[in-house]
Amino acid sequence: MGRGDLTNEEWARLKPHLPKSGQRGGRWESHRRVINGILFRQRTGVPWRDLPARFGRWRTVCERHRRWSADGTWDKLFAAVLADADAEGRIDWSMVSVDSTSCRAHQHAAGARKKPPRLPGKGHTPLQHRPDEGLGRSRGGLTCKIHPAGEGGRRPLALLITPGQWGDAPQLIPVMERVRVARRDGGRPRTRPGHLGGDKAYSSRRNRRYLRRRQIKHTIPEPKNQRANRRHKGSRGGRPAGFDRTIYKRRNEVERTINALKSFRAVATRFDKRAYVFYGAVTVASIRLWLRSRPTGET
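Rules used in this analysis
- Residues numbered from 1 in each chain as written.
- Predicted model: local features only at pLDDT ≥ 70, side-chain atom pairs only at ≥ 80, totals over all residues.
- Heavy atoms only, no water.
- Helix = DSSP H or I, 4+ residues; strand = E, 2+ residues; numbered from the N terminus.
- Rg over C-alpha atoms; globule rule 2.2 N^0.38 Å.
- Buried < 20%, exposed > 50% of the residue type's maximum accessible area, 1.4 Å probe, protein only.
- Contact = heavy atoms within 4.5 Å.
- Lys, Arg positive; Asp, Glu negative; His and termini not counted.
- Charge placed at Lys NZ, Arg CZ, Asp CG, Glu CD.
- Salt bridge = Lys/Arg side-chain N within 4 Å of Asp/Glu carboxyl O.
- Polar contact = N/O pair within 3.5 Å; in protein donor to acceptor, adjacent residues only side chain to side chain.

In terms of regular secondary structure, the chain is built from eleven helices and eight strands. By the compact-globule yardstick of 19 Å for 299 residues, the chain fits well, its C-alpha radius of gyration being 20 Å. In terms of overall dimensions, the chain has a C-alpha envelope of 70 × 45 × 35 Å along the principal axes. Taking all 299 residues of the chain together, 49% fall into the buried category. In the chain, 68% of the contacts between residues at least 6 apart in sequence involve partners at least 24 apart. Taking the 67 positively charged and 26 negatively charged side chains of the chain as two groups, their mean positions are separated by 6 Å.

Once their charged atoms are close, side chains differing in charge can pair, the charge on each being opposite to the other. Counted by the stated rule, this structure contains 17 salt bridges. A salt bridge links Glu10 to Arg288; the nearest nitrogen and oxygen atoms lie 3.2 Å apart. With a gap of 278 residues between them, Glu10 in helix 1 (residues 8-14) and Arg288 in helix 11 (residues 275-292) connect regions that are remote in the sequence. For Glu10, a relative accessible area of 7% puts it in the buried group. The class for Arg288 is buried, based on a relative accessible area of 5%. Between Arg90 and Glu88 there is a salt bridge; the shortest N-O distance is 2.8 Å.

Structurally, Arg130 can be placed in the loop between strand 2 (101-105) and strand 3 (136-138). Of the polar contacts made by the side chain of Arg130, one reaches the backbone oxygen of Ile161; its length is 3.0 Å. When sequence neighbours within four positions are dropped, the list of residues in contact with Arg130 reads Ile161, Thr162, Pro163, Trp166 and Ala275.

Moving on: unusual backbone geometry. When glycine is set aside, most residues are seen to have a negative phi, and most peptide bonds are trans. Look at Glu133: it is not a glycine, yet its phi comes out positive at around 60 degrees. Within the fold, Glu133 resides in the loop between strand 2 and strand 3. We note that Arg154 has phi near 65 degrees; this positive angle belongs to a residue other than glycine. Take Arg154: it is sitting in the loop between strand 4 (141-150) and strand 5 (156-163). With a relative accessible area of 34%, Arg154 lands in the partly exposed category.

Set out below in structure tokens:
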């Protein structure tokens with residue numbers, strides 16, 4: 001087992017949720033070796049062609065990652081890993097925070113074909129395909145944004161990819177709508193945290209109405225211009241938003257979640273042309289963080 005490969009404990013957690021057959025009805029060959037190759041590439045950021053020979057043919061590893069990113073297999077594995085973690089008490093629902101981080105796009109990430117990609121043999125576009133490919137332009141060049149919702153244990157519960165110039169506030173609702181943790185014993189999935197934290201970039205009337213409607217307690221500071229506008233309107237401006245400085249200190253947890261995701265070099269710098277492939281790379285990194293986690297209170 002090489003450095004960074006799945007341990008026996010991590011493999012035992014992931015193996016029951018993996019697909020059992022390939023496209024033509026035969027069994028997939030060596031899931032563990034291929035996934036270790038995918039993790040090696042995500043951790044080091046090397047080109048697919050430069051994968052060490054111990055992972056098998058580089059094209060097999062690359063194609064399986066691309067196919068699983070397109071058909072939602074990585075999303076299903078992520079949902080299954082979250083369900084296991086919730087059943088074992090490894091999710092800290094007391095505080096969920098949202099934030100965003102920009103990823104510089106490598107020059108190889110540009111130049112995707114304008115024609116939408118198609119799933120082989122299925123005829124429809126990948127589930128996470130974006131016409132803009134999640135790339136935005138700024139003075140620094142091509143950038144991409146990752147919007148995670150992180151739980152108290154500093155691991156992601158939901159992810160969203162957007163172009164780098166997009167604002168944070170409009171993404172709060174789409175990210176929160178993706179927080180759906182299934183229960184292994186059946187029943188409705190859990191979607192509501194005990195508390196939500198975010199910086200002042202997420203302060204808007206629309207976001208606060210959404211959180212109140214879902215009965216989610218939240219701590220989001222109000223910017224100076226919003227406070228001034230509210231006071232200028234007098235009684236029509238409504239009551240000031242509540243703010244608890246003690247709870248707000250826990251917002252560093254989502255910053256540490258982002259740092260953990262960006263420890264994977266293929267996440268910190270985007271090398272993939274297609275948005276759905278990069279989304280798959282971030283999902284793989286999230287799955288690995290959850291496989292490493294332990295029950296709350298265990299060291």
